[in-house]
There are 2 protein chains.
Amino acid sequence: MVSHRKIATLRDVAEATNLSVATVSRHINGSIKLPRDTMERIDSAIQRLNYRPNPHARSLSLGRTESIGVVIPDIANPFFARLAAAVERAAAAYGLGVMLCATLNQKERELDYLQRLARNHVDGLIFVTNRVDDGEVARAINAAKAVVVMDEDVDGTTASKIFADNERGGALAARHLIAAGHRRMAYLGGAASLMSTRERLRGFQSAIDEAGLDPALTAGFFGSYTIAHGLEAARAMLDAPEPPTAVFAASDEIALGVLTVCRDRGIRIGRDLSLVAFDDVGPLDLFDPPLTAIRQDVDSMGWQSVVRMLDAIKGEDHQAAPQRVPVELIVRASVGPPVR
Amino acid sequence: MVSHRKIATLRDVAEATNLSVATVSRHINGSIKLPRDTMERIDSAIQRLNYRPNPHARSLSLGRTESIGVVIPDIANPFFARLAAAVERAAAAYGLGVMLCATLNQKERELDYLQRLARNHVDGLIFVTNRVDDGEVARAINAAKAVVVMDEDVDGTTASKIFADNERGGALAARHLIAAGHRRMAYLGGAASLMSTRERLRGFQSAIDEAGLDPALTAGFFGSYTIAHGLEAARAMLDAPEPPTAVFAASDEIALGVLTVCRDRGIRIGRDLSLVAFDDVGPLDLFDPPLTAIRQDVDSMGWQSVVRMLDAIKGEDHQAAPQRVPVELIVRASVGPPVR
DNA sequence: ATGATCATGTAAAGCGCTTTACCAATCGCT
DNA sequence: AGCGATTGGTAAAGCGCTTTACATGATCAT
C-alpha cells in the first residue's frame, strides 16, 4: 500500500474543517478573529494534514517573497564567505530567506542576477562587487527594487550603502608603521579605481602628511585583491632600487602573497620587513609571524546591511550618506623597527 | 515626468503583438513553431518591453522552481564555504539558482529548512550536516523530495550520497607518518559518532595494522571539528604521561588548534612533533611550518552533488552506494622523524 | 468538390494563495 | 419593534504563467 499522499493545500484544510479557504487563509495570516472552537478546528486540521503554504503561490499573490538575494563575487573567498554568513544570520533572524549568487566577478553574471532577482524573485538585493563598473551595472541597480550596496561602491547608484571605514583603516596602519620608525613604505592595493583601494590609500597618505613625512617615499602598487597580485607586487616592490622597510597590504590575500614571496627569499617579516594587512578574516594569528592587521567588522556590516534592506523594502527613505562601519588595528608580530 | 512604468507581463507582450498569451508563452518555451515574422514580432516586443517571466508564477504553474537549496552548517567555515562555492558554480552551469541555508548546526534549523525548502520552495536539497542525528532529520530527509547528502552521512537515509574517501585519507596519513618513523601517534577527531571521524580513524588504524605496528600506541581524542577542540585535545595529548611524536588532525580547524598550542609551548611542528591535517582548504602552505595534509577534492564533490541532484530530480534511480571522492596526500613540512 | 492534413493560432482552466466585497445572523439599545 | 453594529463567515477576482482542448483557414491528394 503505497502512501503516495499529495501535499495538502489550503483548500484541503478548508474542506476538512467545513470552512471556506478565505476564512482559513485569514486565520493563518491573523487578519480575522474567530471563535475559539473554529480556531482549534483549523489548527488541528493544519497539524493533521501537515499543511504548509506554498511559497510560490504566496509570493505570486502577495507580490513579495520574504527572501533577499546576496550577490557576491566569490563565496570561497574567506572575506566574502564571512560577509555572506553574517548576512545570512541577520536575515534568518528577521525571517528572511537568502538566495546566494556568486558572480565570479563577471559583469554578465552581475547583470543577470540583478535582472533575475530584482525582477520578482526576491524582495531585495544585497550587492557586493569587486569590479569597477562602466555604468551598466549602476543603471541596473538603480532600476532594481530595494538594493543595498556593501563593501565596495558602485559609482552612480542611489542605493543604501554600507562600507568599512577604509580611510581610517589606512590611517591606523600608517600611524602604526610610522610609530615603529618606518619612513620608506609601500602600499599594495587592489584595482586603482576601486573605492576601497583609493580610500585606504588616502587614509594612509593623510597619516603620512599628518606626521610631516615625505609622501614621495611611499610607493603604490595596484592590481587586484588576490594572492597572485600580492606575489607580483611584492616582487616588484622588493626588486626596486630602494625597497621599502614596511608594507601595507590592502587585503589579507595580498598580504599572503607578500608572505609567500618573503618566505621564498628568506626575508623575515617583522624583522627585515614590516607588514600590515587589511580585513583580518583569515586566521592571521597563526601565520608566520602572526600578522598585524586592520580588522573589518564583518558581522556588523552584514547585520546592518539587512537592517537597511528592510528599511528599503518598507520604502523608507534611505539615508543619503553611506554608513561607515568602524575598523580596528589588531597588533600582532609583523611590525618591527625598520632595517636598511 | 516620473516614469513609474510597471513590470511587463506576458499579457503585455501578447497585447503588443496582437497575439494570445498562449502563443507567446509557447513560443518562449519553444513548444510551438511560428512563421518567421510572428517570431520576430514577439522577440522584438519582449526586447522592447524588457519582459522577463515572473519566476513565481512560473513555479506555481510548473510545479518546479529551477533552483536548489544548499543546507550547510556554517558558510564562514572555509571548508563549507568552498563546498558551497563549488555547488553554486555547478548549479549555475546547469541553469539552477541556489538557495543558501546555514543551520549553525542546530537541529531545529535543519528541520525547518528541510520543511520549507523541500515543500516546494526548491526542486531539491543538497544537505550537509555536522551533527549526529537522532533519527528525526533522517525521517525529514526521506520525506523530502530530491535530496543528496554530502560530506557527512545521516544514518538511515535513502538519499544519494557523496562523501570523501575518508578511510583512504586516514590510511594515507598513517602511512606517511609511519614511513617517517613514528610509532606513538594520536588521532584528533571530531564527534566520535560522526561517520567521517570514524572512517578516518578506521583508515588510520588499518594502515597501522598493515604495517604490523602496535595499535595500542595510538591514542584517540574526540570532540568536534573546531579550533576549540583542537586546543583542548592538543593540551590533553601533550600532557599525557607518554605524549605522541605525531598527530593526525581530522580537520584543518583541529590542526590549527594544535598549531596554536604548540606555538604557545614552544613545540616546533615538524621537528618536535609531526602533524598531518585533513581537508586542506585553508592556506595551509602559509602556516608555520607549511602543513602536510590530506586534501579533499571539494570542487569535485560540489560538482558531483549537483549532477546527482539532477538525476534525483529527474526521478532516476540513484545508485545505492555512496559515491566516494578521492583524497590526496599533500606533503609539506610538518612531518619529520620522531624525537623522544 | 471533398474530406484529410497541416499551419497558425485562440480560449480557458488551473497552479495555491490573498483579499475585497458581501452577506446572514445575532446582539444591544432605544 | 426597529435600528445599527458586531460576529462569523462566504464567493469570487486576481497574481502571471503553462497547457490542454479546440478553431480557423489554407493546402493537397483524390
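Everything quoted here is computed from the prediction, not taken from an experiment.

Points about the protein's contact with DNA strand C
Okay, step 1: The environment of DNA strand C is made up of 25 residues, and the closest members are A:Leu10, A:Ser25, A:Tyr51, B:Ser20 and B:Arg26.
Okay, step 2: In the interface set of DNA strand C, defined as its atoms within 4 Å of the protein, sugar plus phosphate atoms amount to 66%.
Okay, step 3: In the environment of DNA strand C, a phosphate oxygen lies 3.2 Å from a nitrogen or oxygen atom belonging to the side chain of A:Asn29.
Okay, step 4: The set of elements that each furnish at least two residues to the surface near DNA strand C consists of helix H2 (21-28) and helix H4 (55-62) of chain A together with helix H2 (21-28) and helix H4 (55-62) of chain B.
Okay, step 5: Residue classes in the surface near DNA strand C are distributed as ten nonpolar, ten polar and five charged.

Describing the domain arrangement of chain A
Okay, step 1: If you check the domain split of chain A, you get domain 1 (10-53), domain 2 (66-163 + 299-324) and domain 3 (166-297).
Okay, step 2: Computed from C-alpha atoms alone, the centre-to-centre distance between domain 1 of chain A and domain 2 of chain A is 37 Å.

Here's the deal with the relation of the copies chain A and chain B
Okay, step 1: Mapping chain A onto chain B leaves a residual RMSD of 0.1 Å; the transformation is a rotation of 180° accompanied by 0.1 Å of translation along its axis. As the rotation angle and translation indicate, the two copies are arranged about a two-fold axis.
Okay, step 2: A share of 100% of the interface residues of chain A reappears at the interface of chain B, consistent with the copies meeting face to face through the same patch.

Some points on the sheet that holds strand S12 (residues 327-330) of chain A
Residues and elements named next belong to chain A.
Okay, step 1: Pairing in this open sheet of six strands is mixed, and the strands run S7-S6-S8-S9-S10-S12 from one edge to the other. Single-partner strands in this sheet number two, and they are strand S7 (219-221) and S12. Across the sheet, the axes of successive neighbouring strands diverge by a mean angle of 15°, strand direction being ignored.
Okay, step 2: Pairing between strand S8 (residues 246-249) and strand S9 (residues 274-279): three bridges, direction parallel. Residue Ala246 lies in a different strand from S9, and its bridge partner there is Ser274.

Structural notes on the interface of chain A and chain B
How big an interface is tends to be reported as the loss of accessible area on association of its parts.
Okay, step 1: On the chain B side, the residues contacting the 45 residues of chain A number 46 residues.
Okay, step 2: Buried surface at the junction of chain A and chain B, both sides included, amounts to about 4,100 Å², of which 59% is carbon and sulfur.
Okay, step 3: The three residues of chain A that bury the most area against chain B are A:His56, A:Arg119 and A:Leu286, which together make up 19% of that side's buried surface.
Okay, step 4: At the junction of chain A and chain B, the tally comes to two salt bridges.
Okay, step 5: The shortest N-O distance in the salt bridge between A:Glu88 and B:Arg109 comes to 3.8 Å.
Okay, step 6: Among the secondary structure elements, those contributing two or more residues to the side of chain A that touches chain B are H4, helix H5 (78-93), strand S2 (97-102), helix H6 (107-121) and helix H11 (252-265) of chain A.
Okay, step 7: Tallied by class, the residues present in the side of chain A that touches chain B amount to 23 nonpolar, eleven polar and eleven charged.

Details of the nonpolar core
Okay, step 1: In terms of nonpolar packing, the biggest core is built from 155 residues, with A:Ile68, A:Leu188, A:Leu275, B:Ile68, B:Leu188 and B:Leu275 touching the most fellow members.
Okay, step 2: Counting 42 residues, the second largest nonpolar core, distinct from the first, contains A:Val154, A:Ala159, B:Phe127 and B:Val147.

Things to note about the sheet that holds strand S1 (residues 67-72) of chain B
Sheet strands associate in pairs through backbone hydrogen bonding, adopting either a parallel or an antiparallel arrangement.
Okay, step 1: The strand order across the open sheet built from twelve strands is S11(A)-S5(A)-S4(A)-S3(A)-S1(A)-S2(A)-S2(B)-S1(B)-S3(B)-S4(B)-S5(B)-S11(B), with neighbouring strands paired in mixed fashion. Bordering the open sheet on either side are strand S11 (323-325) of chain A together with strand S11 (323-325) of chain B, each of which pairs with just one other strand. The mean inter-strand angle of the sheet, taken between neighbouring strand axes irrespective of direction, is 25°.
Okay, step 2: Where strand S1 (residues 67-72) of chain A lies against strand S3 (residues 124-127) of chain A, four bridges are found, and the strand directions are parallel. Considered in S3(A), the bridge of A:Ile68 is made with A:Gly124.

As for helix H10 (residues 227-239) of chain B
An α-helix turns once every 3.6 residues. As a result, residues three or four positions apart point the same way.
Okay, step 1: Taking 1.5 Å of rise per residue, 13 residues should cover 18 Å, and H10(B) covers 18 Å from first to last C-alpha, within 8% of that figure.
Okay, step 2: The elements touched by buried residues of H10(B) are strand S6 (185-188), strand S7 (219-221), strand S8 (246-249) and helix H11 (252-265) of chain B.

Description of the environment of B:Arg200
All names here are of chain B.
Okay, step 1: Among the secondary structure elements, Arg200 is positioned in helix H9 (residues 195-210).
Okay, step 2: Accessibility expressed as a relative area gives 2% for Arg200, which makes it buried.
Okay, step 3: Sequence separation of Arg200 and Gly223 is 23 residues, and the distance between their C-alpha atoms is 14 Å.
Okay, step 4: Among all residues touching Arg200, those that are not within four sequence positions of it are Asn166, Gly170, Tyr187, Tyr225, Phe248, Ala250, Phe278, Asp279 and Gln296.

Structural notes on the pattern of salt bridges
Residues and elements named next belong to chain A.
Okay, step 1: For the structure on display, the rule yields 36 salt bridges over all chains.
Okay, step 2: Residues Glu15 and Arg11 are paired through a salt bridge, measuring 3.3 Å at the closest nitrogen-oxygen approach. Residue Glu15 and its partner Arg11 are both found in helix H1 (residues 10-17); the two are separated by four residues, about one turn of the helix.
Okay, step 3: The network of salt bridges with common partners includes Arg58, Arg64 and Glu66.

Looking at the protein's contact with DNA strand D
Okay, step 1: Within the structure, DNA strand D sits among 26 residues, and A:Ser20, A:Thr23, B:Leu10, B:Ser25 and B:Tyr51 are positioned closest to it.
Okay, step 2: Counting only the atoms of DNA strand D within 4 Å of the protein, the fraction contributed by sugar and phosphate is 62%.
Okay, step 3: A:Thr38 places a polar side-chain atom, nitrogen or oxygen, 2.9 Å from a phosphate oxygen of DNA strand D.
Okay, step 4: In this structure, A:Ser61 approaches DNA strand D through a side-chain N or O atom, which is 3.4 Å from a base nitrogen.

Rules and cut-offs
Residues numbered from 1 in each chain as written. Chains lettered and ligands numbered in written order. Predicted model: local features only at pLDDT ≥ 70, side-chain atom pairs only at ≥ 80, totals over all residues. Heavy atoms only, no water. Near = heavy atom within 4 Å. Polar contact = N/O pair within 3.5 Å; in protein donor to acceptor, adjacent residues only side chain to side chain. Helix = DSSP H or I, 4+ residues; strand = E, 2+ residues; numbered from the N terminus. Nonpolar A, V, L, I, M, F, W, Y, C, P; charged D, E, K, R; others polar. Domains from an automatic or database assignment. Least-squares fit on C-alpha atoms with pLDDT ≥ 70 in both. Contact = heavy atoms within 4.5 Å. Pairing = 2+ DSSP bridges. Axes fitted to C-alpha atoms, helices over the stretch in contact; angles between N-to-C directions. Buried area = accessible area lost by both parts, 1.4 Å probe. Salt bridge = Lys/Arg side-chain N within 4 Å of Asp/Glu carboxyl O. Core = buried A, V, L, I, M, F, W, Y, C linked by side-chain atoms within 4.5 Å. Buried < 20%, exposed > 50% of the residue type's maximum accessible area, 1.4 Å probe, protein only. Expected span 1.5 Å × (residues − 1).

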